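The primary structure of each chain is shown beneath.
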Amino acid sequence: MNTTTRFLGAGPATDAGQARAALVGVPYDGAVTYRSGASEGPDGLRLASDSIETYCPKLDRSLDEFGYVDFGDLVVDVPEPGAIAGATPGERLVRSLRKQLDALPVLPLVAIGGDHLVAYPFVERALEQHPNLQIIHVDAHMDLRAAWDGEPYNHATVLGRLRDRMGPDHRLHQWGIRSGERTEYQLAADDPRIELLGASLEPMAARVRELLAADLPIYVTLDVDGIDPADIPGTGTPEPDGLRFGVVEAALGLLASAPTKGPGLIGADVVELAPAIDPTGRSQVAVARLVRTLLLGLVRASA
Ligand SMILES: [Mn+2]
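Residues numbered from 1 in each chain as written. Predicted model: local features only at pLDDT ≥ 70, side-chain atom pairs only at ≥ 80, totals over all residues. Heavy atoms only, no water.

Every regular strand shows the same layout, with side chains that alternate between the two sheet faces. Most of strand β2 (residues 21–26) is tucked away: six of the six residues are buried. As defined by bridge partners, β2 adjoins strand β5 (residues 68–73) across four bridges and the pair is classed as parallel. Following the sheet pairing, Leu23 is matched in β5 by Asp70. Note: β2 against strand β6 (residues 109–113), five bridges, orientation parallel. The residue bridging Val24 from the neighbouring strand is Ala111, located in β6. (Buried < 20%, exposed > 50% of the residue type's maximum accessible area, 1.4 Å probe, protein only. Helix = DSSP H or I, 4+ residues; strand = E, 2+ residues; numbered from the N terminus. Pairing = 2+ DSSP bridges.)

What follows is the structure, given as structure tokens:
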């Protein structure tokens with residue numbers, strides 16, 4: 001990344017000791033199936049974040065309340081066969097990302113993609129650390145395929161691979177989904193750990209309140225194409241008739257405001273932002289707003 005550009009108000013990685021949250025970029029889009037450009041997501045987001053405030057009027061909270069750092073970007077070259085365990089290029093990449101993730105200072109993280117494949121190591125680690133993790137998956141697409149062109153680790157299969165890692169008490173709450181193969185819908189319907197929430201605010205708002213009231217740990221994997229292309233056109237695989245921006249911001253805001261005695265939001269990733277596809281620049285500004293909300297969720301107000 002540009003060494004001087006960090007996400008809105010974030011300190012450098014060297015300030016991690018004083019920080020309560022962090023961002024890390026994963027500028028990889030080699031697993032896309034339609035249009036590329038998500039590799040420019042992290043830096044596009046960092047640049048655009050300069051145009052929003054640290055204060056969120058809806059939550060009456062500000063990023064100025066705590067320290068957070070921007071770790072910069074992970075290395076996204078796919079390791080050579082033999083360099084790292086994993087048969088396919090996709091699996092070698094996610095193993096490499098996981099090694100780099102595990103080497104970072106331990107802080108609640110928002111990972112910035114990159115295409116959706118890069119979410120894998122972050123969610124995998126969260127599943128390992130929390131046997132009752134609740135994954136909130138915002139997306140237009142199911143992403144539950146067994147493989148894409150023979151590759152089991154791809155942006156269209158990533159939730160399928162994470163499902164392979166889910167234990168009996170893990171749950172996957174999908175929201176905004178409006179595209180997938182019939183077999184993916186059937187797979188989701190047949191797995192009692194997966195639920196598909198209706199495409200309006202109330203079902204997700206009720207679920208978030210309920211999960212927080214039950215003191216459960218929550219992870220958000222947010223594919224920006226879950227939001228309507230009218231609000232976020234800058235994404236590689238747009239799908240009409242999505243969730244509106246304000247609805248998603250409101251639901252994520254509950255992660256910062258609804259009562260809990262548990263850990264609440266423990267991590268998040270925001271993927272599939274492709275700035276060059278949106279010449280107006282509004283997509284990356286919208287995503288910066290959602291990242292601000294997620295940071296406020298990771299660091300809840302002290303009571
Ligand atoms: Mn998607």
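This next bit is on the pattern of salt bridges. Inspection of every chain in the model, using the stated rule, returns 21 salt bridges. By sharing partners, the salt bridges in this structure join Glu91, Arg95, Arg98, Asp102, Glu124, Arg125, Glu128 and Arg165 into a single network. (Salt bridge = Lys/Arg side-chain N within 4 Å of Asp/Glu carboxyl O.)

Before going further, it helps to examine the packing of aromatic side chains. Per the stated rule, a full pass over the model turns up two aromatic pairs. Here Tyr120 and Tyr153 contribute two aromatic rings whose centre-to-centre distance is 5.5 Å and whose plane-to-plane angle is 80°, an arrangement assigned as edge-to-face. Pair noted here: Tyr120 is in helix α3 (residues 119–129) and Tyr153 is in the loop between β7 (134–138) and α4 (158–165), with a separation of 33 residues, a long-range link. Since its relative accessible area comes to 7%, Tyr153 is described here as buried. (Phe/Tyr/Trp six-rings, centres within 6.5 Å; stacked < 30°, edge-to-face > 60°.)

Mapped onto the present numbering, the UniProt feature "binding site: Mn(2+)" (unreviewed entry) falls on His116, Asp139, His141, Asp143, Asp223 and Asp225. A maximum C-alpha distance of 12.2 Å is found for the annotated residues, which run over 110 residues; spatially they form one tight group. Considering the arrangement of structural elements, one finds His116 in the loop between β6 and α3. Taking the relative accessible area as the measure of exposure, His116 reaches 0% and is therefore buried. (UniProt positions renumbered as here; feature names shortened; annotations may be inferred.)

It is worth spelling out the coordination of the manganese ion at this point. Coordination of the manganese ion by the protein comes from Asp139 (OD), His141 (ND1), Asp223 (OD), Asp225 (OD) and Asp225 (OD), over a distance range of 2.2 to 2.6 Å. In primary-sequence terms, the residues that donate to the manganese ion follow D-x1-H-x81-D-x1-D. The two residues Asp139 and His141 agree in class, both being buried. (Donors = N, O, S within 2.8 Å, 3.2 Å for Na, K, Ca; no water.)

We now examine the side chain of His137. As for its position among the elements, His137 is in strand β7. Here the side chain of His137 touches Asp139 through a polar contact of 2.9 Å, side chain to side chain. In this structure His137 touches His116, Met142, Asp143, Leu159, Leu172, His173, Gln174, Trp175, Ile177 and Thr221, once residues within four positions along its chain are discounted. (Polar contact = N/O pair within 3.5 Å; in protein donor to acceptor, adjacent residues only side chain to side chain. Contact = heavy atoms within 4.5 Å.)

This part covers the nonpolar core. With 52 residues, the main nonpolar core has Phe7, Tyr68, Val220, Val270, Val291 and Leu295 as its most contacted residues. Contributing elements (two or more residues each) for this core: β2, β6, β7, α6 (201–213), β10 (218–223), α7 (245–257), β11 (265–271) and α8 (282–298). If you tally residues by element for this core, the top one is α8, at nine residues. With residues near it in sequence (within four places) discarded, Leu295 still touches Phe7, Ala21, Leu23, Leu63, Phe66, Tyr68 and Val110. One finds Val69, Leu109, Leu127 and Leu159 within the second-largest nonpolar core, a separate group that totals 42 residues. (Core = buried A, V, L, I, M, F, W, Y, C linked by side-chain atoms within 4.5 Å.)

This part is about the sheet that holds strand β8 (residues 171–175). Sheet architecture is open: nine strands sit in the order β1-β5-β2-β6-β11-β10-β7-β8-β9, paired in parallel fashion. The open sheet has two edge strands, β1 (11–12) and β9 (194–197), and neither has a second partner. Bridge count for β8 against β9 is four bridges, and the pairing is parallel. Across the sheet, residue Leu172 finds its bridge partner in β9, namely Ile194. α8 rests against β2, β5, β6, β10 and β11 of the sheet, and its axis sits at about 165° to β11. (Axes fitted to C-alpha atoms, helices over the stretch in contact; angles between N-to-C directions.)

Right, let's talk about the packing of α6 against α7 for a bit. Where α6 meets α7, the closest approach of the two axes is 9 Å, and the angle between their N-to-C directions is 10°. Judged by the inter-axis angle, α6 sits roughly parallel to α7. Every residue of α7 that contacts α6 at Leu201, Met204, Ala205, Val208, Arg209 and Leu212 is listed here: Val247, Ala250, Ala251, Leu254 and Leu255. Grouping the constituent residues of the contact of α6 with α7 by class yields 10 nonpolar, no polar and one charged. (Parallel < 35°, antiparallel > 145°, perpendicular 65-115°, else oblique. Nonpolar A, V, L, I, M, F, W, Y, C, P; charged D, E, K, R; others polar.)

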